[in-house]
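# Secondary and tertiary structure notes
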Amino acid sequence: MFSSFLSILRYGFIFIASFSSIYIYRYDNYGQFIVTLLLYMSLVVLDRFIHKLSAKKLLLCIDIIFSVWLCHTYGYLMFFISLSSLFAYVFLLHRRTRWFMLSVHLILLNVSFQYEQALWMICINFSFILTAVLLSLLQYSTKSHADLIRRYDDLRKNHYELDETNKRLVEFTHQVEATAQSGERERIARHLHDDIGHRLIRVKMMMEAAIHIMPTNYPQGMNMMIQIRDQLSGSMDDMRNTVKKMRPATSLTEEYAIDRLLEETGRATGIHTNLKVKGIPILLYPSLQIVLFKNAKEAITNALRHGKATAVEVIITFEDGQVSMSVSNTGEITQLTTNMNSRQQGMGLSGMQERVKLVGGSIDIQWEYPFTIVTTLPVYKKNEVI
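This report concerns the structure included in the present document. Keep in mind the model is a prediction, meaning the values are calculated, not measured.

Below, the discussion takes up the packing of helix α2 (residues 30-46) against helix α3 (residues 53-74). Relative orientation of the contacting elements α2 and α3 amounts to 160°, with a least axis distance of 10 Å. Classified by the interaxial angle, the pair formed by α2 and α3 is roughly antiparallel. As α2 packs across α3, the resulting crossing turns out to be left-handed. Contacts between α2 and α3 involve Gln32, Phe33, Thr36, Leu37, Leu39, Tyr40, Leu43, Val44 and Leu46 from the former and Leu59, Ile62, Asp63, Phe66, Ser67, Trp69, Leu70 and Tyr74 from the latter.

Let us now look at the pattern of salt bridges. Scanning all chains against the criterion turns up 8 salt bridges. Between Arg150 and Asp147 there is a salt bridge whose closest N-O contact spans 3.9 Å. With Arg150 and Asp147 both in helix α7 (residues 118-213) and 3 residues apart, this pair spans about one turn of that helix. With relative accessibility at 28%, the residue Asp147 sits in the partly exposed group. Three or more residues are tied together by salt bridges with common partners; here these are Asp147, Arg150 and Asp154.

Looking now at the sheet that holds strand β3 (residues 322-329). Read from one edge of the open sheet, 5 strands run β1-β2-β3-β5-β4, paired in mixed fashion. Here the strands that pair on one side only, and so sit at the sheet edges, are β1 (272-278) and β4 (362-366). Neighbour-to-neighbour, the strand axes of the sheet open up by a mean angle of 15°, direction not taken into account. Pairing of β4 with strand β5 (residues 371-378) involves 5 bridges; the strand directions are antiparallel. By the bridge assignment, Ser362 is partnered in β5 with Thr376. Of the strands in this sheet, β1, β2 (311-319) and β3 touch helix α10 (residues 258-269), which is tilted by about 165° from β1. The strands touched by helix α11 (residues 286-305) within the sheet are β2, β3, β4 and β5, with β3 carrying the most contacts at an inclination of about 15°.

Procedures and definitions
- Residues numbered from 1 in each chain as written.
- Predicted model: local features only at pLDDT ≥ 70, side-chain atom pairs only at ≥ 80, totals over all residues.
- Heavy atoms only, no water.
- Axes fitted to C-alpha atoms, helices over the stretch in contact; angles between N-to-C directions.
- Helix = DSSP H or I, 4+ residues; strand = E, 2+ residues; numbered from the N terminus.
- Parallel < 35°, antiparallel > 145°, perpendicular 65-115°, else oblique.
- Left-handed = near helix turned anticlockwise from the far one by under 90°.
- Contact = heavy atoms within 4.5 Å.
- Salt bridge = Lys/Arg side-chain N within 4 Å of Asp/Glu carboxyl O.
- Buried < 20%, exposed > 50% of the residue type's maximum accessible area, 1.4 Å probe, protein only.
- Pairing = 2+ DSSP bridges.

In short, the description is geometric, and any link to function would need to be established separately.
Encoded structure:
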């Protein structure tokens, strides 16, 4: 569409200059004038059917020379015909060749009008330069618009690809979740069958034995009833723990809750756990909450595995601009120190240090009894930049 507009504009320049010259100037031979113009128009039309760049350059050079000759032979109005040549090569050639042809074109025009008045020469040069500059700006604007459209198309294509990838990722996530849920259901079913189911069968057999024994041996029957009560109590605890594991966390705060971690650890291992909170609690960013949770879990694991701890205490202190968490345990300092300094067991502590470093915090280890790991993290307000 844009090239068609330039062609129409060029033809308009040629026709207006040609018809105006016929009515304004008097020529000795109008037939020769019309034939000359028709030859020039043929040259202009021929340019549209040539696509090879070298042939186009040659044709443009002939066009420039022909138009300048028309200016020299038939007067000032032919300047607009020569000016129309700019519409052909300003948008076609690269910058260096374009400016070279502009310079040659302008020099030839000045040579053809060299005997005219100075005012006419100034007007011709100014009009030529102004038209060349405007066309160059138009070319730059057109190229920028084309680049913008191309980038927009690329961006839209990338958006479609990203959307399609996201859909596939969601489908894959659903498949993974379905597989995980299937595995979890299978594990729970196996646990109910192998553990709780066998325990209930044993309780049923013990109750039947107690029913037969109690009429003749009441103390022994009562002892069996007490064992049945203990078995049922254990089965109820296992069932309760299984149901809690099946219930998903409703939020990030619940999923990474340190009090829940201590409760589960104490129930699973039998050690004494304690949580204290000092200062005014504030809502932490999810990244800080996850770091505190994972460091607490790692510290408790080290205390149980390497220090043989019987009690763990976690103290969370909220201060101005920071939050600190100290995890203390009653484990054996010598054994814990040896294991934590070994290359094989040092991965847990190094992982804690890497997590804390990512959020700009620090870790302090207190080796005296009770062994304590202190995690200190900066706390940012919502209007501060991390």
